[in-house]
Amino acid sequence: MSIIYHSFYKDNSIMYRHVTDENPDNESFCFHIHNQYEIFYFIKGTGSLLVETTTYPLVPDTMIIIRPLETHRISISDSTSYERFTINFSEDLINDIDPEHTLLTPFNNRPLGENNSYHASEFDISPYKLLAAMQKKVNEDTDKLSVLTYFYSLLGQINVAFNRKKQNNVAF
């Protein structure tokens, strides 16, 4: 497995990655859980992501949101490369700016393994553009500010898409 890191940022509350697996090996992808929230944005390739008991097809511009302790596993359909953005973040990152945790509603206010999937067409602002903007480096001091600025915008967009689905009873 050959992995290319296009960009990477990590501190105590957030980890952001833009990665391509040139030669993915499905044997290395196992079920796992973690204590952080996760946003997974699929850019290139074909596959699926199993969250709890629901399998979500992965096509370009698919976003999967995962809350803490939600079991998940990726499966790539063939050995061609796949590219994605992944953000893992702690609840602590939200506490100061959103004490009511409104931005976490799409993650927390749904049954486990249900309504995890979104397509870029469901958003007013392209998730790809917001995620790609996070990797623009001005200098080391502004990295966190850049990541967080676009990250909070992305959470807002996910919240809007979630509420639209809920209003339209799409998959609820």
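In what follows, the structure referred to is the one given above.
Since we're looking at a predicted model, the values are computed, not measured.

1. Comments concerning helix α4 (residues 143–167)
Piece 1. The end-to-end C-alpha distance of α4, which contains 25 residues, comes to 36 Å, matching closely the 36 Å that a straight helix rising 1.5 Å per residue would cover.
Piece 2. Looking at the residues trailing α4, positive phi occurs at asparagine 169, about 55 degrees.

2. Considerations on the sheet that holds strand β7 (residues 72–76)
Piece 1. Here we have 3 strands laid out as an open sheet, ordered β5-β4-β7, and antiparallel in their pairing. Strand pairing shows two members of the sheet lacking a second neighbour, β5 (54–58) and β7, which therefore form its edges. Averaged over all neighbouring strand pairs, the angle between strand axes comes to 20 degrees, with direction disregarded.
Piece 2. One ladder, built from 5 bridges, connects strand β4 (residues 47–51) with β5; its direction is antiparallel. Its bridge partner lying in β5, leucine 49 is registered against tyrosine 56.

3. Topic: the environment of tyrosine 41
Piece 1. Within the secondary structure, tyrosine 41 is located in strand β3 (residues 37–44).
Piece 2. A C-alpha to C-alpha distance of 8.7 Å links tyrosine 41 and isoleucine 65, two positions 24 residues apart in sequence.
Piece 3. Once residues lying within four places of it in the same chain are set aside, the contact partners of tyrosine 41 are Asp61, Thr62, Met63, Glu83, Arg84, Phe85, Ala120, Pro127, Tyr128 and Leu131.
Piece 4. In terms of polar contacts, tyrosine 41 uses its side chain to reach the side chain of aspartate 61, at 2.7 Å.

4. Some thoughts on the pairing of β3
Piece 1. For β3, the buried fraction is high: 7 of the 8 residues fall into the buried class.
Piece 2. Pairing analysis gives 7 bridges linking β3 to strand β8 (residues 82–89), with the strands arranged antiparallel. Bridged to phenylalanine 42 within β8 is arginine 84.
Piece 3. Pairing of β3 with strand β6 (residues 62–66), which is carried by 5 bridges, proceeds in the antiparallel orientation. Looking at β6, one finds that glutamate 38 is bridged to isoleucine 66.

Rules behind the numbers
- Residues numbered from 1 in each chain as written.
- Predicted model: local features only at pLDDT ≥ 70, side-chain atom pairs only at ≥ 80, totals over all residues.
- Heavy atoms only, no water.
- Helix = DSSP H or I, 4+ residues; strand = E, 2+ residues; numbered from the N terminus.
- Expected span 1.5 Å × (residues − 1).
- Pairing = 2+ DSSP bridges.
- Axes fitted to C-alpha atoms, helices over the stretch in contact; angles between N-to-C directions.
- Contact = heavy atoms within 4.5 Å.
- Polar contact = N/O pair within 3.5 Å; in protein donor to acceptor, adjacent residues only side chain to side chain.
- Buried < 20%, exposed > 50% of the residue type's maximum accessible area, 1.4 Å probe, protein only.

Structural measurements only, silent on function.
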